[in-house]
Amino acid sequence: MKILYCNCTYAKVVPKDIKQTVLRKLSDSGLAFDAVADLCDMSARNDPGLKKVTNDGCTTIVACYPRAVKWLFHAAGTPLPDKGITILNMREDSAADIVKEIVK
């Protein structure tokens, strides 16, 4: 499983305590993951890192609303595949629920 964690640094729409808890639990889990400052910013800049995410077969993205994440990748010209991607929503779900989905 490949994991991408978005810190939502610039938008500040994800509660800080949720982001910190999820990031700490991911770090403590020993699982390999990539962390980015802000997917929205990456999309706006057409950052080539988004293409790397889709090419590397990322399976879990921890960010915000799934529809928003899909459109961010689409807007940057690197649409996510229809299958094989799980998007976990730190705007609506608890840190415990998100961590439970990842750390099994």
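Residues numbered from 1 in each chain as written. Predicted model: local features only at pLDDT ≥ 70, side-chain atom pairs only at ≥ 80, totals over all residues. Heavy atoms only, no water.

### Here's the deal with the sheet that holds strand 3 (residues 60-63)
Strands pair in a sheet through their backbones, by hydrogen bonds, and they do so in one of two ways: parallel or antiparallel.
And step 1. Taken together, four strands build an open sheet; the order of strands is 2-1-3-4 and the sheet is parallel. The open sheet is flanked by strand 2 (34-36) and strand 4 (86-89), the only strands paired with a single partner. Strand after strand, the sheet turns through a mean of 20 degrees between neighbouring axes, direction not considered.
And step 2. As defined by bridge partners, strand 1 (residues 3-6) adjoins strand 2 across three bridges and the pair is classed as parallel. (Pairing = 2+ DSSP bridges. Helix = DSSP H or I, 4+ residues; strand = E, 2+ residues; numbered from the N terminus. Axes fitted to C-alpha atoms, helices over the stretch in contact; angles between N-to-C directions.)

### Description of the nonpolar core
And step 1. Among the nonpolar cores identified, the biggest contains 30 residues, and Val22, Leu39, Ile61, Val62, Val69, Phe73 and Met90 are the most heavily contacted of them.
And step 2. Contributing elements (two or more residues each) for this core: strand 1, helix 1 (16-29), helix 2 (39-44), helix 3 (48-55), strand 3, helix 4 (66-75), strand 4 and helix 5 (95-102).
And step 3. Those residues in contact with phenylalanine 73, other than ones at most four positions away along the chain, are Leu4, Leu39, Leu50, Val53, Thr54, Ile61, Thr78, Pro79 and Leu80. (Core = buried A, V, L, I, M, F, W, Y, C linked by side-chain atoms within 4.5 Å. Buried < 20%, exposed > 50% of the residue type's maximum accessible area, 1.4 Å probe, protein only. Contact = heavy atoms within 4.5 Å.)

### What about the side chain of serine 43?
And step 1. Within the secondary structure layout, serine 43 lies in helix 2.
And step 2. You can call serine 43 buried: its relative accessible area is 7%.
And step 3. Among the polar contacts listed, one links the side chain of serine 43 to the backbone oxygen of leucine 72, at a separation of 2.7 Å.
And step 4. Ignoring anything within four residues of it in the chain, the contact list for serine 43 reads Leu50, Leu72, Ala75 and Ala76. (Polar contact = N/O pair within 3.5 Å; in protein donor to acceptor, adjacent residues only side chain to side chain.)

### Describing helix 4
And step 1. Considered for burial, the residues of helix 4 that qualify are Val69, Leu72 and Phe73. Down the axis of helix 4, the buried side of the element spans an arc of 95 degrees, and every buried residue falls inside it. The exposed residues of helix 4 that point more than 90 degrees off its buried face are Arg67, Trp71 and Ala75.
And step 2. Buried positions along helix 4 lie against strand 1, helix 2, helix 3, strand 3 and strand 4.
And step 3. Positive phi shows up at glycine 77, right after helix 4, with a value of about 80 degrees. (Arc of directions from axis to C-beta.)

### Side note on the pairing of strand 4
When a strand is regular, its side chains alternate between the sheet's two faces.
And step 1. Summarising the sheet, strand 3 and strand 4 pair through four bridges and their orientation is parallel. Within strand 4, the residue paired with alanine 63 across the bridge is asparagine 89.
And step 2. In the classification by handedness, the crossover that spans strand 3, the intervening helix 4 and the parallel strand 4 is right-handed. (Right-handed = clockwise from strand over helix to strand, strands pointing away.)

### Examining the state of the cysteines
Here, disulfide denotes a covalent bond that connects the sulfur atoms of two cysteines.
And step 1. In total, this model carries zero disulfides according to the counting rule given.
And step 2. Looking at the unpaired cysteine 8, the closest cysteine sulfur is the one in cysteine 6, lying at 3.6 Å.
And step 3. Using a relative accessible area of 5% as the deciding quantity, one classes cysteine 8 as buried.
And step 4. Between cysteine 40, a free cysteine, and cysteine 64, which holds the nearest cysteine sulfur, the sulfur-to-sulfur gap is 5.9 Å. (Disulfide = S-S within 2.5 Å.)

### Regarding the pattern of salt bridges
And step 1. This model, assessed by the stated rule, comprises two salt bridges.
And step 2. The partner of arginine 45 in a salt bridge is aspartate 41, with the nearest N and O atoms 2.9 Å apart.
And step 3. In this structure arginine 45 comes out as partly exposed when scored by relative accessible area, which is 49%.
And step 4. The partly exposed category is assigned to aspartate 41, whose relative accessible area is 26%.
And step 5. Arginine 45 is paired through a salt bridge with aspartate 47; the nearest N and O atoms lie 3.2 Å apart.
And step 6. Take aspartate 47: its relative accessible area is 18%, and that puts it in the buried class.
And step 7. Through salt bridges with shared partners, a single ionic network connects Asp41, Arg45 and Asp47. (Salt bridge = Lys/Arg side-chain N within 4 Å of Asp/Glu carboxyl O.)

Such coordinate-based values are descriptive only and should not be taken to indicate function.
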